[in-house]
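Spelled out from the first residue to the last, the chains are:
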Amino acid sequence: MTAPETFYLVTTTFPEMGWANAGDVTAIRDRAYDDYAEVRSEGRTAQVWMIETRADGRRAISEITEEMENELQRICAQRDLDIPEVA
């Protein structure tokens, strides 16, 4: 069996082209958070997906948008920043 791998994908809707990636697929959660925060700071909605390859080789995809939004709100509160509003 191989070790589990986890990747993150952030998606959004761009006015000029529709639904697409908001950044590159990444194995680094902090990079996915940065992509999410950037999209939100631009006033757009975003969705964050966690893609896991389990030890048995099966893949699972989970939406973790709420987790990222909670982190964004916590960081904004700690730094006394306005929480980005979705236009």
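The preceding data block contains the structure.
Here is a short report on the structure shown in this document. Numbering of residues starts from 1 in each chain and follows the order in which that chain's sequence is written. pLDDT decides what is reported in this predicted model: residues at 70 or higher carry local features, side-chain atom pairs at 80 or more are listed and counted, and totals for whole chains, interfaces and linings draw on all residues regardless. In computing side-chain values, all of the structure's heavy atoms are included and hydrogens and water are not.

**Looking at the pairing of strand β3 (residues 46-53)**
Thought 1: At least two DSSP bridges between two strands are required for those strands to pair. Elements are defined by DSSP. Helices are runs of H or I of four residues or more, strands are runs of E of two residues or more, and each kind is numbered from the N terminus. In this sheet, β3 lies alongside strand β1 (residues 5-14) in antiparallel orientation, the contact comprising eight bridges. Within the sheet, the bridge partner assigned to Phe7 lies in β3 and is Ile51.

**As for the pairing of strand β4 (residues 59-63)**
Thought 1: Across five bridges, β3 lies against β4 in antiparallel orientation. Opposite Ile51, over in β4, you have Ile61 as the bridge partner.
Thought 2: Linking β3 to β4, which pair antiparallel, is a turn of five residues; within it Gly57 sits at a positive phi near 90 degrees.

**Details of the nonpolar core**
Nonpolar side chains tend toward joint burial in soluble globular proteins.
Thought 1: Residues belong to one nonpolar core when they are buried, are Ala, Val, Leu, Ile, Met, Phe, Trp, Tyr or Cys, and are joined through side-chain atoms within 4.5 Å. The buried label applies to any residue whose accessible area, calculated with a 1.4 Å probe on protein chains only, is under 20% of its type's maximum; exposed applies above 50%, and partly exposed to all values in between. Val10, Tyr33, Tyr36, Val48, Ile64, Met68 and Leu72 are the most contacted members of the largest nonpolar core, which totals 15 residues.
Thought 2: Put simply, the parts of the chain that give this core at least two residues each are β1, α1 (29-41), β3 and α2 (65-78).
Thought 3: Among the elements that take part in this core, α1 stands out by supplying five residues, more than any other.
Thought 4: Apart from residues no more than four positions distant in its own chain, Tyr36 is found in contact with Val10, Ala46, Val48, Thr65, Met68, Glu69 and Leu72. Only heavy atoms matter for contacts: two residues are in contact if any of them lie within 4.5 Å across the pair.

**Comments concerning the sheet that holds β4**
Thought 1: An order of β2-β1-β3-β4 is seen for the four strands of this open sheet, with the pairing classed as antiparallel. Looking at the sheet topology across the chains shown, the edges are occupied by β2 (18-21) and β4. Recorded for the sheet is a direction-independent mean angle of 25 degrees between the axes of neighbouring strands.
Thought 2: Angles shown run from 0 to 180 degrees and are taken between the N-to-C directions of axes, each axis being a line fitted to C-alpha atoms and, for helices, limited to the stretch in contact. With respect to the sheet, α1 is in contact with β1 and β3, its orientation differing from that of β1 by roughly 10 degrees.

**Quick word on α1**
Thought 1: Helix span is expected to be 1.5 Å times the residue number reduced by one. With 13 residues, α1 should reach 18 Å at 1.5 Å per residue; the first-to-last C-alpha distance of 18 Å fits that figure.
Thought 2: Every buried residue of α1 is listed here: Ala32, Tyr33, Asp35, Tyr36, Ala37, Val39 and Arg40.
Thought 3: Those residues of α1 that are buried are in contact with β1, β3 and α2.
Thought 4: One or two positions beyond α1, positive phi appears at Gly43, with a value near 85 degrees.

Interpretation in functional terms is not warranted from these geometric data alone.
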